[in-house]
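One letter stands for each residue in the lines below.
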Amino acid sequence: TTLPDERLGVMVKFLKSGKVVILLNGRYAGKKGVIVKTFDDGIDGRKYGHCIVAGIAREPLKVKKSMSEKKVEKRSRVKPFIKTVNFNHLMPTRYSVEVDFKPLAITPEVVANDAKRTEARKAVKKLFQERYTAGKNRWFFSKLRF
C-alpha cells in the first residue's frame, strides 16, 4: 500500500554546496571537505554525477600556552586542497559549513588548470585560515580519529 502523497521515483538532492563530506578514495582518503559546486548530471568530460570539493589536506596541530608566538602561528596553519570527486567516492555527513565560495569563482576550468588551481587553493587557504583563527567550526579543523 502506498500513501496518496508519496512521490515515487523522486530523488532528494542532499549533496549541496556547503555540505561537509569525507573523501573515501585516493590521496585525500579519510580527509574532510566541503562541497563547493555539484554537477548532478555530469558535464562533457565527466558524464557522471560529481562535485568540486575544497578540503583540509593537513589539519592544524595542537597549541600550548608555553609555546612562542612564532611556533603557535606555524602550528596553526591549514593546508587545503581542491579536487573534483565522483559522488561514489564521498561520504556525506549531517554537518554543513556556511562558507561562501561564490566570490572565489571555482569552476571545472579552474580545477583543470594548474596555475588557476594554485591561486584558488591560496584563496581557500585564506578563507579556512580566517575561520580557524576566529574559532568557527572547530570540529571541521580537527583530525578525524577512526
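Predicted, not measured: the structure shown is a model, and the values here were computed from it.

Rules and cut-offs
Residues numbered from 1 in each chain as written. Predicted model: local features only at pLDDT ≥ 70, side-chain atom pairs only at ≥ 80, totals over all residues. Heavy atoms only, no water. Helix = DSSP H or I, 4+ residues; strand = E, 2+ residues; numbered from the N terminus. Contact = heavy atoms within 4.5 Å. Areas by Shrake-Rupley, 256 points an atom, 1.4 Å probe, with all protein chains shown as cover. Lys, Arg positive; Asp, Glu negative; His and termini not counted. Charge placed at Lys NZ, Arg CZ, Asp CG, Glu CD. Buried < 20%, exposed > 50% of the residue type's maximum accessible area, 1.4 Å probe, protein only. Pairing = 2+ DSSP bridges. Patch = residues over 30% accessible without salt bridge, like charges linked within 9 Å, V, L, I, M, F, W, Y side chains within 5 Å. Salt bridge = Lys/Arg side-chain N within 4 Å of Asp/Glu carboxyl O. pLDDT = per-residue confidence, 0-100.

Student: Can you help me understand the overall build of the protein in this one?
Tutor: A count of helices and strands for the protein gives three helices and five strands. In terms of principal-axis extent, the alpha carbons of the protein reach across some 65 × 40 × 30 Å. Considering only intrachain contacts with a sequence separation of at least 6, the fraction spanning at least 24 residues in the protein is 64%. Here the protein displays about 10200 Å² of accessible surface, and carbon together with sulfur accounts for 52% of that area. Positive and negative side-chain charges in the protein, numbering 34 and 14 respectively, have mean positions lying 11 Å apart.

Student: Which parts of the structure should I look at to understand the pairing of strand β3 (residues 50-58)?
Tutor: In regular strands, side chains alternate between the two faces of the sheet. Judged by how many residues are buried, β3 sits mostly within the fold: eight of nine residues are covered. With six bridges connecting them, strand β2 (residues 32-39) and β3 associate as antiparallel partners. Residue pairing in the sheet places lysine 37 in a bridge with isoleucine 52 of β3.

Student: What am I meant to see in a positive patch on the surface here?
Tutor: On the surface, a cluster of positive charge is made up of Lys62, Lys64, Lys71, Lys143 and Arg145. Residue placement: lysine 71 occurs in helix α1 (residues 69-75).

Student: Help me understand the side chain of lysine 32, please; the structure alone is not making it clear to me.
Tutor: Note that lysine 32 resides in strand β2. Buried and unpaired, lysine 32 has glutamate 59 as its nearest opposite-charge partner, separated by 6.3 Å. Filtering out sequence-adjacent residues up to four positions away, lysine 32 remains in contact with Val21, Gly55, Ile56, Phe81, Trp139, Phe140, Ser142 and Leu144.

Student: Sorry, what's going on with the confidence of the model for the protein here?
Tutor: For residues with low pLDDT, the predicted coordinates do not support detailed interpretation. On average, residues of the protein score 88 in pLDDT, and 92% of them are at 70 or above. When pLDDT is averaged over each element of the protein, strand β1 (residues 19-23) comes out on top at 95 and helix α2 (residues 108-112) at the bottom at 89.

Student: What should I look at first to understand unusual backbone geometry in this one?
Tutor: Phi is mostly negative for residues that are not glycine, and the peptide bonds are mostly trans. For alanine 105, which is not glycine, the phi torsion reads 50° and is therefore positive. Counting through the fold element by element, alanine 105 comes out in the loop between β5 (90-96) and α2. Although it is not a glycine, asparagine 137 sits at a positive phi angle of roughly 50°.

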